[in-house]
Amino acid sequence: MIGVFDSGSGGLTVLSALRTHLPEQDFLYFGDHANAPYGHRSNEQIVELTRRGTDALMAAGCTLVVLACNTAAAIALRTLQQDWLPTAYPGNRILGVLVPMVEAITGVPWSQEHPNNSSEITQNITLFATRKTVESGAFAEEIGKRAPHLTLTGKACPGLVDAIEGGAGKGPLSGLIAGFVEEIINSAPDAVVLGCTHFPLVKQYFAEALGDQVTIYSQPDIVAASLADYLSRHPELTTNGKSTIRLLTTAEPSDVKATNQFLPNGLTDFEKYTG
Ligand code: DGL
C-alpha cells in the first residue's frame, strides 16, 4: 500500500493523479483535517504532526509514504528521513513533493546540482505557497543551484488553505486569489508554481486571474509521473494491488465532505482515524 499524507484535503489532488498513473496500486490517505492548516504552525509542531500521520500510515502497512504537502515536505521531510524513519520503520521510504517540481521547472535531474546551463534564457517565476513553505526557502535554494537563470520569488497566500478547507464559495475564493495575483503581476512572471497541494483545487481561479500568457506549474501530474518512474526502478516498494483507495481523516468525516466542495471525483468518503 502507498500512503499519501496531507494536513487536510490538498493531498487528494496528488492522490487523484496517482490513481491515474498507478492504477494497480492500493492507496491509503491520511488527512489531518483536525489540525489543518499547518502553514502557520511552528516547525516543531509540523514535524510532530507529520510524524504522527506518517506513523499511522506505516502502522497500517504502507511501506512508502508520500508527503503530499509542501509545508510538511519543506519543514519535516529531512528530519523524519534522518532521525525517525531508520529506527521506527527500517527499510521504509518517505518521499516529498518538492523534488519532482524542481526537476520539472529546471529540466535538471535532482542528482545534478550544478549543471552548465549558462546559455539558458532568464525567466521570472512566482511561487504561490503557504507562509512556511515560502519562508523555508527550499524551492528557491534548490532551483537556484540547478538553474541560476531562473529567478524564483515566493508569494505567501495566507488564508487560502483555511478558505478552501472552510468551504468558502467561488466569490470569496476567486477574490482572495485575484488579490494575491494583483500583488505580483507587476513583476511580469513568465510562470507560476502552485506550491501548495490545496491550490490545484482552485487552479481555475489562478488561471483566470493570471491570464493566458503565464505558465502554471501544477504539482499533481508532475509528482505522480515522477513516482511512477521511481517505482518502476524500485518494484520492491510496489504490490499487486486491487486498486483500492481508503481515506482517513482526524476530523469528522461528514464535516470534511460537507465543507470541501472541490474534492476530486470519487475521493469524498472519509473514515474517522481513531489512532
Ligand atoms: N497542502 C498543504 C501544502 O501543500 C497545505 C499546508 C497547510 O495546511 O497550510 O502546503
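Parameters and conventions
Residues numbered from 1 in each chain as written. Predicted model: local features only at pLDDT ≥ 70, side-chain atom pairs only at ≥ 80, totals over all residues. Heavy atoms only, no water. Pairing = 2+ DSSP bridges. Helix = DSSP H or I, 4+ residues; strand = E, 2+ residues; numbered from the N terminus. Axes fitted to C-alpha atoms, helices over the stretch in contact; angles between N-to-C directions. Core = buried A, V, L, I, M, F, W, Y, C linked by side-chain atoms within 4.5 Å. Buried < 20%, exposed > 50% of the residue type's maximum accessible area, 1.4 Å probe, protein only. Contact = heavy atoms within 4.5 Å. Near = heavy atom within 4 Å. Polar contact = N/O pair within 3.5 Å; in protein donor to acceptor, adjacent residues only side chain to side chain. Areas by Shrake-Rupley, 256 points an atom, 1.4 Å probe, with all protein chains shown as cover. Nonpolar A, V, L, I, M, F, W, Y, C, P; charged D, E, K, R; others polar. Parallel < 35°, antiparallel > 145°, perpendicular 65-115°, else oblique. Left-handed = near helix turned anticlockwise from the far one by under 90°.

1. Quick look at the sheet that holds strand β5 (residues 123-129)
Pairing between the strands of a sheet is mediated by backbone hydrogen bonds and can be parallel or antiparallel.
Next, step 1: Here we have four strands laid out as an open sheet, ordered β6-β5-β7-β8, and parallel in their pairing. Strands at the two margins of the open sheet, each flanked by one partner only, are β6 (150-156) and β8 (215-218). For this sheet the average axis-to-axis angle between neighbouring strands, irrespective of direction, equals 25°.
Next, step 2: Two elements, β5 and β6, share seven bridges in a ladder whose sense is parallel.

2. As for the nonpolar core
Next, step 1: Judged by nonpolar contacts, the single largest core of 43 residues is most densely connected at L12, L15, L18, F139, V193, L227 and L231.
Next, step 2: Residues in contact with L227, not counting those within four places in the same chain, are L18, L22, L64, V66 and L95.
Next, step 3: L160, C196, V214 and F262 belong to the second-largest nonpolar core, a separate cluster that totals 24 residues.

3. Remarks on helix α4 (residues 98-106)
Next, step 1: Within the span of α4, buried status applies to L98, P100, M101, V102, I105 and T106.
Next, step 2: In the segment just after α4, G107 is the residue with positive phi, at about 70°.

4. Concerning the site of the ligand
Next, step 1: Near the ligand, the surroundings consist of 13 residues, among which S7, Y38, T71, T197 and H198 are the closest.
Next, step 2: Within the side chain of D6, one N or O atom sits 3.0 Å away from a nitrogen atom of the ligand.
Next, step 3: Taking N70, its main chain carries an N or O atom lying 2.8 Å from an oxygen atom of the ligand.
Next, step 4: The fraction of the free accessible surface of the ligand (300 Å²) that becomes covered by protein chains is 99%.
Next, step 5: Of the residues that constitute the shell around the ligand, the class distribution is five nonpolar, seven polar and one charged.

5. Some words on the side chain of S218
Next, step 1: Of note, S218 is situated in strand β8.
Next, step 2: Contacts of S218, omitting those with residues within four sequence positions, involve M101, P200 and K203.

6. A look at the packing of α4 against helix α6 (residues 138-146)
Next, step 1: Packing of α4 against α6 brings their axes to within 10 Å, and their N-to-C directions diverge by 40°. When the axes of α4 and α6 are compared, the pair comes out oblique. Two packed elements cross with a definite hand, and for α4 against α6 that hand is right-handed. Listed contacts from α6 to L98, M101, V102, I105 and T106 of α4 are A138, F139, E142, I143 and R146.

7. What about the pairing of strand β9 (residues 245-249)?
Two faces belong to every sheet, and in a regular strand the side chains alternate between them.
Next, step 1: As paired elements, strand β2 (residues 27-31) and β9 share five bridges and run parallel to each other. Following the sheet pairing, G31 is matched in β9 by T249.
Next, step 2: In the sheet, β9 pairs with strand β10 (residues 270-272) via three bridges, with the strands oriented parallel. Across the sheet, the residue bridging to L247 is F270, located in β10.

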